[in-house]
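# Overview (structure and organization)
Spelled out, the chains give:
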Amino acid sequence: MVPVTIQGVSFSYGATPVLDGVSLDIAAGELFFLLGASGCGKTTLLRLVAGFERPDAGVIRFGGADVTALPTERRNLGMVFQNYCLWPHLDVAGNVAFGLEMQRVGGSERAARVDAALAAVGLSGYGARKVGELSGGQQQRVALARAVVTRPQVLLLDEPLSNLDARLRQEMRGEIRRICKQSGTTAIYVTHDQAEALATADRLAVMVGGRVAQVGTPRECYARPVDAAVARFLGEANLLDRAAAIRLTGRANGELHCLRPEKIRLAGAGAPSVGVTGAPGVAAVLIDGAYQGDRAQWTVDASGLRLTVVEPDPPERKAGDAVTVVIAPDDLVVVQP
Amino acid sequence: MNRSLNRSWLAWTLFAAVALVLVIGVVVPVVTVAGVGLSPAWIGEVLRHPLQRAGLGNSFAIAVVTTLISLAIALPLALIGWRLRFRGQGVAEALLLAPLILPPFVGALGIFQLLGVHGVVNSAGAAFGLWLPGHGPDWLGDHRFAVVCVVEALHLYPFLWLALAAAAARLDPGLIEAAAASGASRLTILRRIILPLLKPGLFAGVTVIFVWSFTELGTPLMLGFDRVVPVQIFNGLTELNTNPQPFALVVVMLVVVAASYGLAQLIAGRQPDAVVVKGAARSAGRQVRGWQAVLAWTPYLLVTALAIAPHLMVLALACGRDWHGTLLPAGVTFDRFRDALAHPNVVPSISNSLFYAGLATLIALVIGFAVAWITARWKPRGAAALDALAMAPLAVPGLIMAFGFLAIGVWLSQQIPALKPWLDPFANPGPLLIFAYAIRRLPQVVRATHAGLAQSPPALEEAAAACGANAWTRLRRITLPLIAASLAAGAILCFSFSMLEVSDSLILAQKRDAWPVTKVLYDLSSVLGSGPAVACAFAVWTMAFLAASLCTAAVLTGRSLTGMLRE
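Residues numbered from 1 in each chain as written. Chains lettered and ligands numbered in written order. Predicted model: local features only at pLDDT ≥ 70, side-chain atom pairs only at ≥ 80, totals over all residues. Heavy atoms only, no water.

### Observations regarding the environment of Trp422(B)
All names here are of chain B. The line we're drawing: Helical segments are the DSSP runs of H or I of at least four residues, strand segments are the runs of E of at least two, and each set is numbered from the N terminus. Residues are treated as being in contact if the distance between any of their heavy atoms lies within 4.5 Å.
Structurally, the position occupied by tryptophan 422 is in helix α20 (residues 420-423). C-alpha of tryptophan 422 to C-alpha of aspartate 138: the two residues are 284 residues apart in sequence and 46 Å apart in space. In this view, tryptophan 422 contacts Asn428 and Pro431; residues no more than four positions away in its chain are not counted.

Set out below in structure tokens:
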């Protein structure tokens, strides 16, 4: 269990810059997420931490030790790959035991630890199976067991759930969090799925265009995004400039604001002012929307401003309905453009 | 930082070492031959001398006619296979590839019995009353040119068929349907749509066959057709020190080969991108059943029967007793198989060939794996050039390469007498033969290994690194086991084809007790009396060995023989 420090790391593939001066401090035992759209450099950063690539500049430390130039096999890592990467010529137990062999853990201890690791991922008794006989979810569990069985000081997970179906994905992310917390290892988890990150991470870094845009807890990053890109990437966001903010709430705190759709309340037409906040209502027209069962996502036109609104337990509404949107001024979060 | 520098230094050392071996094995022989023979006086003399002019003309004519016959065989078969689907098509197509594993050199032994004045064909003709017994046409005397062309075409058509079938498989059926919808007749579609689209595959195959038949030594040599360039070069070897003529002939040959490649490139041009169908291509085939399927099978069986007839003849000759002027032998005997193994030259030649081919395979595996790793995994600048260099032995005729090795060996042992026991083919042809075999069969090993590496994702090795395995352990525990089947297939192909290699063996093995199998076969076949029959029995042994090792390779890789040869 060691902290991981990334300092001023830059990397480019040929002439294409991928990472530009990335710095992160990841605490010991933390489950830390790298979140971003494809091409933002998150996987490259993970590969640098793993040692598959060398940074052009910058330093990576595990604990106090500079590992920047250390080859992968000497970094004491565990890694879960997007395509699992189980070795097809070894059986399940052979895959899990490989890392222990490298650590020269022998005989009965090795067997016991392989069994324990398989039990931890719910695959007791699968040791003699061929890798090809397993389902996607089971392969994922073997990959996880293989990564943690060596008790690595850092666990790396590269989009580990992206090849699973939605249901299994939800089940596995709880599983991964449980195993990480049980082993107490420092884990770095790469994903483009913001729901996965918000639900699972201790802290996360949102990466945009090869830079870290924001680091924080899921709640901080969602509620207080630093800029428009982060706001848009983490869920839906209404971005309002100074004039729009004044028109909707009567005041503005900055040049650009993020307003989350679920912070907007809809009331019937003609309601001048609603709720304990005392904020004024603005007349609007419903343009269209999607009913999603427990909630609905509407698009409304509030005197020329298009807004996305999420309404829980929605009443029957249809396009063309006149409504009043009610916004508390404190819910407008100032963001950088 | 130090360590990564260290690693790239190691990798570049490997790159340099492999490149050096390839340059020595591929570039130097060709350059040497060109350099030694490139004298205007000698080349002028060769071009003026009536015998050599006749040889050049004959070689050129053989190449043209062989190519045309191959085309006449392969194009219809490729079109049938593309348009029709019938039961057992896979088997029919596998049969077509039989010539790839049957050395034409061996088949030539059977040709005499088949087409000799007192051979099977003439006996059959006499039986049907076409001519009096013993007075049939002298095929091998009067029609030797035609016989050489047909035998070579029956050996070489698979290359063209493979190229055409692959090109046809990439044709988008929609293009043909569009032409039909525009009102084009079948013949017009063939002429205006299909053939132009097949052009790149066609030229690739045609070039290979043209070059191969222009430089083929084994077939005309065995059939006694002396007035062609390769045989003239071979016969000139005995007076190499006094007569520069073979070198000049090789240069002329090299020029013709290079010009053929260049011309093909120029005419064929590039494959238009639109032709390539990505993903699930619709099958263009029409399912046929019953008598139509039988009809579809017929050309496949006919071509295969013609192609393997000489080899069946070799088998029959090995078993037949007193076979002269009759349709069938007087009796059956298996003594020849025993005699063959008891012949004083045979046993040493088997152990020689096993030794040469074994060592050559080992060398080809090491170099081939290094090349494949560099081109499939590391991919540095220059990887493509390295790959091209390793694949070049496919394009450079065996005769030219063999001649280059001979020239280097002779020259080096003259310059540095200490090297004479190792490099002079007249003193010890072993090292040269081993290296020549290895280089000759390197393309097969590189392709097989490259395919294996390309199929096993590099992330599997990264996963091992993440588990703490160092580079050597990753190679030993992950990479090599994963591609073991591919390596084994490449090794067996390399080994078995080295056992039956002709050009290098005939030219480089200049010392009797170092003769490999093929040289002994050639020698036996020219011994009067029982020689040819014993040679046939020996040839049957070698073909059985080849078949067994190819089947082993197929079993090891879990793939069909056809799939392996297609590679």
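The structure having been displayed, the exposition proceeds.
### Digging into the interface of chain B and chain A
Under the convention used in this document: Buried area is calculated as the accessible area (1.4 Å probe) missing from two parts once they are joined, with the contributions of both summed. Think of a polar contact as two N or O atoms within 3.5 Å of one another; within protein, one of them needs to be a possible hydrogen donor and the other a possible acceptor, and neighboring residues in sequence only count if both atoms come from side chains.
Counting residues at the interface gives 22 residues for chain B and 21 residues for chain A. Taken together, the two surfaces of chain B and chain A that pack against each other cover about 2,000 Å², and 64% of this comes from carbon and sulfur. Where chain B meets chain A, there are five residue pairs in polar contact (both at pLDDT 80 or more). Elements with a minimum of two residues in the side of chain B that touches chain A: α1 (2-37), α22 (458-466) and α23 (471-482) of chain B.

### Re the packing of aromatic side chains
So the rule is basically this: Each aromatic pair joins two rings of Phe, Tyr and Trp (for Trp, the six-membered one) with centres within 6.5 Å, and gets the label stacked for planes under 30 degrees apart, edge-to-face for over 60, and tilted for any other angle. Classification of residues uses two cut-offs on accessible area relative to the type maximum, computed with a 1.4 Å probe and protein chains only: under 20% is buried, over 50% is exposed, and between them is partly exposed. Whether a charge sits over a ring comes down to the Lys NZ or Arg CZ being within 6 Å of the ring centre and within 35 degrees of the ring normal.
One pass over the structure, following the stated rule, counts 17 aromatic pairs over all chains. With a centroid separation of 5.0 Å and an interplanar angle of 90 degrees, the aromatic rings of Phe11(A) and Tyr13(A) are classed as edge-to-face. Overall, Phe11(A) belongs to the buried group, its relative accessible area being 6%. Classification of Tyr13(A) as partly exposed rests on a relative accessible area of 41%. For the ring pair Trp87(A) and Phe98(A), a centre distance of 4.6 Å and an interplane angle of 55 degrees mean the geometry is tilted. Of this pair, Trp87(A) sits in the loop between β6 (77-80) and α2 (92-102) while Phe98(A) sits in helix α2; the two residues are eleven residues apart in sequence, bridging distant segments of the chain. The same class applies to Trp87(A) as to Phe98(A), namely buried. Taken together, the ring pairs connect Trp12(B), Phe15(B), Trp373(B) and Trp378(B) into an aromatic cluster. One cation-aromatic arrangement involves Arg146(A) over Trp87(A); the distance from NZ or CZ to the ring centre is 4.4 Å. The lysine or arginine in question, Arg83(B), covers the ring of Trp82(B), its NZ or CZ lying 5.4 Å from the ring centre.

### Looking at the sheet that holds strand β9 (residues 203-208) of chain A
Residues and elements named next belong to chain A. Basically, it comes down to this: In this description, strands pair whenever DSSP reports at least two bridges between them. Axes here refer to lines fitted to C-alpha atoms; in helices the fit is confined to the stretch in contact. Angles between the N-to-C directions go from 0 to 180 degrees.
Ordered in space as β6-β7-β8-β3-β9-β10, the six strands form an open sheet in which the pairing is mixed. Of all the strands in the sheet, just β6 and β10 (211-216) have a single pairing partner and so form its edges. Here the strands of the sheet are splayed against their neighbours by 20 degrees on average, with no regard to which way each runs. Pairing between β9 and β10: five bridges, direction antiparallel. Looking at the pairing, valine 208 lines up with arginine 211 of β10.

### Concerning the domain arrangement of chain A
All names here are of chain A. Here is the rule: Residue ranges assigned to the domains are those given by an automatic or database domain assignment. The rule for a salt bridge is simple: a side-chain nitrogen of Lys or Arg has to be within 4 Å of a carboxyl oxygen of Asp or Glu.
Segmenting chain A into domains produces domain 1 (4-233) and domain 2 (238-334). The centre of domain 1, based on its C-alpha atoms, is set 39 Å off from the matching centre of domain 2. Taken together, the contact pairs eight residues of domain 1 with seven residues of domain 2. For the domain 1 and domain 2 pair, buried surface summed over both sides reaches about 640 Å², with 52% attributable to carbon and sulfur atoms. If you sort the residues of domain 1 by the area they bury against domain 2, Tyr222, Arg224 and Ala231 come out on top, with a joint share of 60%. Seen at the junction of domain 1 and domain 2, the total is zero salt bridges. For the pair domain 1 and domain 2, the number of links is three residue pairs in polar contact (both at pLDDT 80 or more). For the side of domain 1 that touches domain 2, the elements supplying multiple residues, two or more each, are α7 (218-223) and α8 (228-233).

### Focus: the sheet that holds strand β1 (residues 4-13) of chain A
Residue and element names in this part refer to chain A. An order of β2-β1-β4-β5 is seen for the four strands of this open sheet, with the pairing classed as antiparallel. One side of each edge strand has no neighbouring strand; the edge strands of this open sheet are β2 (16-26) and β5 (65-66). Where β1 lies against β2, seven bridges are found, and the strand directions are antiparallel. Note on β2: the bridge partner recorded for threonine 5 is aspartate 25.

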